[in-house]
Amino acid sequence: MILPYALGICLFAVTISMLLCLVRLVIGPSIVDRLLALDTLFLNATCLIVILGIYWASTSMFEGALLVAMLGFVSTAALARYFTTGHVVD
């Protein structure tokens, strides 16, 4: 009964958080701020997919959330290595 309302509030909060991360990604003063905003954006996208999976009662959404989480981890690690050493693979 109350679950759709709680999930709606969660969707709204995560969407606002994603918009704020996007603003930080665009106007971040340093590259570290932009990298952290991108990592947080991936985390928020994962949370959004999980919330939608619960709302729609779809198990395939959880697999998509896992893929987004893995992509976020790999891209954050690769970008951090690139910004510190200048190359990704040595």
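Only a predicted model underlies this, so the values are computations on that prediction, with no experimental measurement involved.

(A) The arrangement of the packing of helix 1 (residues 3–27) against helix 2 (residues 31–56) in detail. Running from N to C, helix 1 and helix 2 point in directions that differ by 160°, and their axes come no closer than 9 Å. Compared by their axis directions, helix 1 and helix 2 come out roughly antiparallel. Like other packed secondary-structure pairs, helix 1 and helix 2 cross with a definite hand, here left-handed. Tallied by class, residues from the contact of helix 1 with helix 2 come to 20 nonpolar, 4 polar and 3 charged.

(B) Highlighting helix 3 (residues 60–85). In this model, helix 3 (26 residues) spans 38 Å end to end at C-alpha, consistent with the 38 Å of a helix rising 1.5 Å per residue. Looking at helix 3, one finds that the buried residues are Met61, Ala65, Gly72, Ser75 and Thr76. Those residues of helix 3 hidden inside the fold are in contact with helix 2.

(C) Structural view of the environment of isoleucine 27. Mapped onto the elements of the fold, isoleucine 27 is located in helix 1. The sequence separation of isoleucine 27 and glycine 53 amounts to 26 residues, and the corresponding C-alpha distance is 32 Å.

(D) Fine view of the packing of helix 2 against helix 3. Relative to each other, helix 2 and helix 3 sit at 175°, their axes nearing to 8 Å. Considering the angle they form, helix 2 stands roughly antiparallel to helix 3. Per-class residue counts for the contact of helix 2 with helix 3 are 19 nonpolar, 6 polar and 1 charged.

(E) How the structure looks around a nonpolar patch on the surface. Side chains of Phe12, Ile16, Leu19, Leu20, Leu22, Val23, Val26 and Ile27 sit close together on the surface and give an oily, nonpolar patch of about 790 Å² of accessible area. By secondary structure assignment, the location of valine 26 is in helix 1. Owing to a relative accessible area of 56%, valine 26 belongs among the exposed residues under this scheme.

(F) Structural context of unusual backbone geometry. Of note in this structure, alanine 57 is not a glycine but carries a positive phi near 55°. Mapping alanine 57 onto the fold places it in the loop between helix 2 and helix 3. Since its relative accessible area comes to 69%, alanine 57 is described here as exposed.

(G) Inspection of the nonpolar core at higher detail. Of all hydrophobic cores here, the largest spans 8 residues; its members are Leu7, Leu11, Val14, Ile49, Ile51, Leu52, Met61 and Ala65. For this core, the secondary-structure elements that each account for two or more residues are helix 1, helix 2 and helix 3.

(H) Looking closely at the confidence of the model for the protein chain. On average, residues of the protein chain score 93 in pLDDT, and 100% of them reach the 70 mark or higher. Element-level pLDDT for the protein chain is lowest in helix 3, with a mean of 93, against a maximum mean of 96 in helix 1.

What counts and how
The residue numbers shown here count from 1 along each chain, following its written sequence. Local features in this predicted model are restricted to residues whose pLDDT is 70 or higher, and side-chain atom pairs enter the listing and the counts only when it is 80 or higher, whereas totals over whole chains, interfaces and linings include all residues. For side-chain calculations, the full set of non-hydrogen atoms in the structure is used, while hydrogens and water are omitted. Angular values range over 0 to 180 degrees, each being the angle between N-to-C directions of two axes fitted as lines to C-alpha atoms, with helices fitted over their stretch in contact. Numbering of helices and strands starts at the N terminus; helices are DSSP runs of H or I of at least 4 residues and strands are runs of E of at least 2. The labels follow the angle: roughly parallel below 35 degrees, roughly antiparallel above 145, roughly perpendicular from 65 to 115, and oblique for the rest. For a crossing to be left-handed, the near helix must be turned anticlockwise from the far one by less than a right angle; the clockwise case is right-handed. Side-chain classes are defined by residue name, with Ala, Val, Leu, Ile, Met, Phe, Trp, Tyr, Cys and Pro counting as nonpolar, Asp, Glu, Lys and Arg as charged, and the others, Gly among them, as polar. The span one expects for a helix is its residue count, reduced by one, times 1.5 Å. Burial classification: accessible surface area is computed with a 1.4 Å probe over protein chains only, and a residue below 20% of its type maximum counts as buried, one above 50% as exposed, and the rest as partly exposed. For this analysis, residues touch if any pair of their heavy atoms sits within 4.5 Å. Residues forming no salt bridge and having over 30% relative accessible area are the ones grouped into patches, like charges within 9 Å of each other and nonpolar side chains (Val, Leu, Ile, Met, Phe, Trp, Tyr) within 5 Å. Areas reported as accessible are Shrake-Rupley estimates using a 1.4 Å probe. Residue values count occlusion only from the protein chains shown. Every case where a carboxyl oxygen of Asp or Glu lies within 4 Å of a side-chain nitrogen of Lys or Arg is listed as a salt bridge. Remark: nonpolar core denotes a set of buried residues (Ala, Val, Leu, Ile, Met, Phe, Trp, Tyr, Cys) joined through side-chain atoms within 4.5 Å. Along the chain, pLDDT gives the predictor's confidence residue by residue, from 0 to 100.

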